[in-house]
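Descriptive structure summary
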Amino acid sequence: MSLAATRSDAQNSFTRLANGEELATIVRPEEGLISRRIFADPEVHALELERIFARAWFFLGHESEIPNPGDAVTRVCGIDPVILVRDDDGVVHAFLNSCRHRGMRVCRTDRENLRFFRCPYHGWSYRNNGELLAASCENHYGEGELDKGKLGLIPVAQLGSYRGLYFATWDKNAPSLEEWLGDMRWYMDIIFARTGELEFVGVPQVWDAECSWKFATDNFTDNFHVFWSHQSLVQIGLLPDFPDFAAHGHMVTAGNGHILHFVQGAPGDETAMGLGLPKSMWPRFQQHLNPAQAEIAMNHGYSAGTMWPNFHWLQLTTAADIETTPMGILNLRLEYPLSPTRTRMYSWFAIDKAAPTDYRKASYENYVRNFGPGGIFDQDDMENWEECTATAIGPAAKRYTLHHRMGLNRKPDPSWKGPGIGYPDSYGEMTQRAWYGEWLRWMTKPLANGGAPR
Amino acid sequence: MTAAAVTSVVSPAACAPGTPLYGEVVEFLYREAELLDTYRFSEWLELFAADVRYDMPVRTNQFRAAGEGFQEMAFFDETFISLKTRVKRLETEFAWAETPPSRTRHFVSNVLVAPGERAGELAVRVNFMITRTRADHGYQMFTGRREDTLRRGDGGRFKIARRRILSDQTVLTNTNLSVLF
């Protein structure tokens, strides 16, 4: 289906690309037609950096990664490098990882426990609460030339946490994290608080692929690719030989572009219950969740959720190898663009603190073998994302849309007990359409007042 | 050098460069590399002991005083059965990351052989470099150190009883780990 590059008279240039095309013309979520242009185009990428990555809320890390005073991990907020650090008093901060003097990176390792960040360039030193303690050659500054009180590390505009997850934004006018997550919090409870607290184990796996970040994002709310993209696992008996095996459940659009699935197994598949957790842990759902949440946790084996734009949970039930029975794993994912066609990915493994030791070990093995760059699931996903990106670069391809129309006319299920809109059947593209709808909203809303588009 | 010679404790001198045992280990490593580069994955799997642990820990960027940066997390943490699972997967027509297959070249160098921790075992350290080209893409490269434990299996052939893959990269810049190490 080709796209018309017209309808420009009513629009200002803010929403128009250099070739005259309107963003709202080439991205039509309500019709399930998304232009290939947005995936690998340098102009669209540059707009995304300002309109999305400079002002949305981004996941930085989990509290279990920085449990002690002085603990720090280096991450990104949007695409800017940050330090997530717990100071000497136990307060968590996020700072631009860059000296106020020349901009040199001040935390140059991936994880640390330290009281000071000392810049290698001229030796400016900052306390772990961001205050500038000492510049260099201070006796050579004249009166009023060095105001140390105003030269602390640059903090993110807002830092918030929910269920142990730290998020930040560079936009002081952005809605609060609580407001932004909105109804999504109800579903995050089911994943991040179902048995008490979670632990993010060890360190994330980090890797780069030659793909658009949006193909990763698109894929994390796509259940029906599993049977075919991961057909090798069907062939060796790790996935059911039944195309609809992951179709039983609901898809939910939870507002602000947040989207998720809860999936039951194939009929008669008793492994796809209780989020794949051991039965001994199921009574905890009632203690930590409300009855409607607990019922969802109890009756589903899989869930995939996206906290818009680029943080995802994958609560899956898979087998670690051809001789092991399926069990639960919780994988957290983040991706951000290094360029229009290159993406950096983070993948964490998380476990319920209340989990029995043997389950913890088995779930870890299950995770490592299936997910991350060496995982027998993930490997094949990267192949798709890279090739989808490569074919979106050419000028001819950019005239055409991708197809996201599955379930376009499907009616919501009024019996769904959670907030947002629940749709029956977890094969569909309503969640992708909601994601691209939010993308369009951010990409076409002027920056004048800052903040998320309202 | 006979099989009997390595069922007892080996002296460092007996596995030093230039010895028959050293030569045997090097040839074993070269033949292993050839199996991988010619897609003979089932034959490659036969080189591993049934109780093998094969892992590749995640590495982080750290100051030298903090050690090499290997952390509690892995890109691979495998048993014989999970390696078998990977091989069976690669042998289907649907393992898209390797269908059509990458072209790989496994290089092994800086081979050092020492007595293992247990009688009959050898501790083998090598540097590895793996190049991959895929479809019309440019070269990708994986480098690092590998630490193997070899022991004699049936018929006196070496089996890999332990393999630790220590990557030089903290952020893997190579799309995925669909190649075997």
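Residues numbered from 1 in each chain as written. Chains lettered and ligands numbered in written order. Predicted model: local features only at pLDDT ≥ 70, side-chain atom pairs only at ≥ 80, totals over all residues.

Another point: the overall build of chain B. Scanning chain B from terminus to terminus reveals 3 helices and 6 strands. Along chain B, helices and strands appear, N-terminal first, in the series α-α-β-β-α-β-β-β-β. Over its C-alpha atoms chain B spans a radius of gyration of 17 Å, differing by no more than 12% from the 16 Å that the globule rule assigns to 181 residues. C-alpha extents for chain B along the principal axes are approximately 45 × 45 × 30 Å. Burial status across chain B gives 33% buried among its 181 residues. Of all intrachain contacts in chain B linking residues separated by at least 6 positions in sequence, the fraction that spans at least 24 positions is 57%. (Helix = DSSP H or I, 4+ residues; strand = E, 2+ residues; numbered from the N terminus. Rg over C-alpha atoms; globule rule 2.2 N^0.38 Å. Buried ≥ 20, exposed ≤ 12 C-beta atoms within 10 Å, placed from the backbone. Contact = placed C-beta atoms within 7 Å.)

When its secondary structure is counted, chain A shows 13 helices and 22 strands. On C-alpha atoms alone, chain A measures out to a radius of gyration of 23 Å, which is about the 22 Å that the 2.2 N^0.38 rule sets for 454 residues. When its C-alpha atoms are laid out on the principal axes, chain A stretches across 75 × 60 × 35 Å. Pairs at least 24 residues apart make up 63% of the contacts formed inside chain A by residues separated by at least 6 positions.

Contacts between chain B and chain A engage 32 residues on the former and 36 residues on the latter. At the level of secondary structure, the elements contributing two or more residues to the side of chain B that touches chain A comprise β2 (70-78) and α3 (80-90) of chain B. Its residues assigned to classes, the side of chain B that touches chain A comprises 14 nonpolar, 12 polar and 6 charged. (Nonpolar A, V, L, I, M, F, W, Y, C, P; charged D, E, K, R; others polar.)

What follows deals with the packing of helix α5 (residues 184-192) of chain A against helix α10 (residues 291-299) of chain A. All names here are of chain A. At a closest axis distance of 10 Å, the pairing of α5 and α10 adopts a crossing angle of 50°. Relative to α10, the element α5 lies oblique. Crossing of α5 over α10 shows right-handed handedness. Only Gln-293, Ile-296 and Ala-297 of α10 make contact with α5, whose side of the interface consists of Trp-186, Asp-189 and Ile-190. Here the residues of the contact of α5 with α10 are counted per class, giving 4 nonpolar, 1 polar and 1 charged. (Axes fitted to C-alpha atoms, helices over the stretch in contact; angles between N-to-C directions. Parallel < 35°, antiparallel > 145°, perpendicular 65-115°, else oblique. Left-handed = near helix turned anticlockwise from the far one by under 90°.)

Residues and elements named next belong to chain A. Read from one edge to the other, the open sheet built from 3 strands follows the order β1-β2-β21, with strand pairing classed as antiparallel. Each edge of the open sheet carries a strand with a single partner, namely β1 (27-28) and β21 (401-403). For strand β2 (residues 33-35) and β21, the ladder comprises 3 bridges, and the chain directions are antiparallel. In the strand pairing of β21, Leu-33 is matched with His-403. (Pairing = 2+ DSSP bridges.)

Moving on, we get to the environment of Met382(A). Residues and elements named next belong to chain A. Within the fold, Met-382 resides in helix α12 (residues 378-390). C-beta crowding within 10 Å serves as the criterion here: with 28 such atoms nearby, Met-382 is assigned to the buried category. Here the alpha-carbon distance between Met-382 and Ala-216, two residues 166 residues apart in the chain, equals 8.2 Å.

For the rest of this paragraph, the subject is the sheet that holds strand β4 (residues 71-77) of chain A. Residues and elements named next belong to chain A. Spatial ordering of the open sheet is given by β6-β5-β4-β7, a layout of 4 strands whose pairing is antiparallel. Only two strands of the sheet have a single neighbouring strand rather than two, namely β6 (92-96) and β7 (111-113). Ignoring which end each strand starts from, the neighbouring axes of this sheet average 30° apart. Two elements, β4 and β7, share 3 bridges in a ladder whose sense is antiparallel. Within β7, the residue paired with Ala-72 across the bridge is Glu-112.

Before going further, it helps to spend a moment on the nonpolar core. Residues and elements named next belong to chain A. With 153 residues, the main nonpolar core has Leu-60, Val-82, Leu-84, Ala-94 and Ala-168 as its most contacted residues. Examining the composition of this core, we find that 7 residues originate from one element, helix α13 (residues 430-444), more than from any other. Structurally, this core is a two-domain feature, drawing no fewer than three residues from each of domain 1 (58-170) and domain 2 (182-442). Leu-84 has contacts with Leu-60, Gly-61, Ile-66, Ala-72, Val-73, Arg-75, Val-92, Ala-94 and Tyr-166, leaving out every residue within four places of it along the chain. (Core = buried A, V, L, I, M, F, W, Y, C linked by C-beta atoms within 7 Å. Domains from an automatic or database assignment.)

Glancing now at the domain arrangement of chain A. Residues and elements named next belong to chain A. Here chain A is partitioned into domain 1 (58-170) and domain 2 (182-442). On the domain 2 side, the residues contacting the 11 residues of domain 1 number 15 residues. In the side of domain 1 that touches domain 2, the residues fall into 5 nonpolar, 3 polar and 3 charged.

Residue and element names in this part refer to chain B. The predicted model of chain B averages 94 in pLDDT, with 96% of residues at 70 or higher. Every residue in residues 1-5 scores below 50 in pLDDT, and together they form 5 contacts with partners more than four places removed in sequence or on other chains. The complex prediction reports pTM at 0.95, with the ipTM value standing at 0.94. (pLDDT = per-residue confidence, 0-100.)

Note that predicted coordinates carrying low pLDDT should not be read in detail. On average, residues of chain A score 94 in pLDDT, and 96% of them reach the 70 mark or higher. The low-confidence segment residues 1-11 of chain A (pLDDT under 50) makes 21 contacts with residues lying over four places distant or belonging to another chain.

Moving on to the environment of Val58(B). Structurally, Val58(B) can be placed in strand β1 (residues 48-59). Judged by the 23 C-beta atoms lying within 10 Å of it, Val58(B) falls in the buried class. In sequence terms Val58(B) and Val179(B) are 121 residues apart; their C-alpha atoms lie 17 Å from each other. Residues in contact with Val58(B), not counting those within four places in the same chain, are Val203(A), Gln205(A), Gln71(B), Met73(B), Ala74(B) and Phe75(B).

Below, the discussion takes up unusual backbone geometry. Of note, the amide linkage connecting Trp308(A) to Pro309(A) takes the cis form, showing an omega dihedral of 5°. Of the consecutive residues Thr99(B) and Pro100(B), the connecting peptide bond is found in the cis state with omega at -5°. When you line up the elements, Pro100(B) lands in the loop between α3 and β3 (103-115). In this model, Arg163(A) sits at a positive phi of 55°, which is unusual for a non-glycine residue. Its location among the elements puts Arg163(A) in the loop between β11 (158-162) and β12 (165-169). For Arg163(A), a count of 15 C-beta atoms within 10 Å corresponds to the partly exposed category. Located in the positive-phi region is Leu275(A), a residue other than glycine, with phi close to 55°. Counting through the fold element by element, Leu275(A) comes out in the loop between β16 (258-264) and α9 (283-288). Taking the number of C-beta atoms within 10 Å as the measure of exposure, Leu275(A) has 28 and is therefore buried.

As a further point, take the environment of Val9(B). All names here are of chain B. Mapped onto the elements of the fold, Val-9 is located in the segment before α1 (20-37). Along the sequence, Val-9 and Leu-36 sit 27 residues apart, while their C-alpha atoms lie 31 Å from each other. The residues contacting Val-9, other than those within four sequence positions of it, are Pro-115 and Ala-119.

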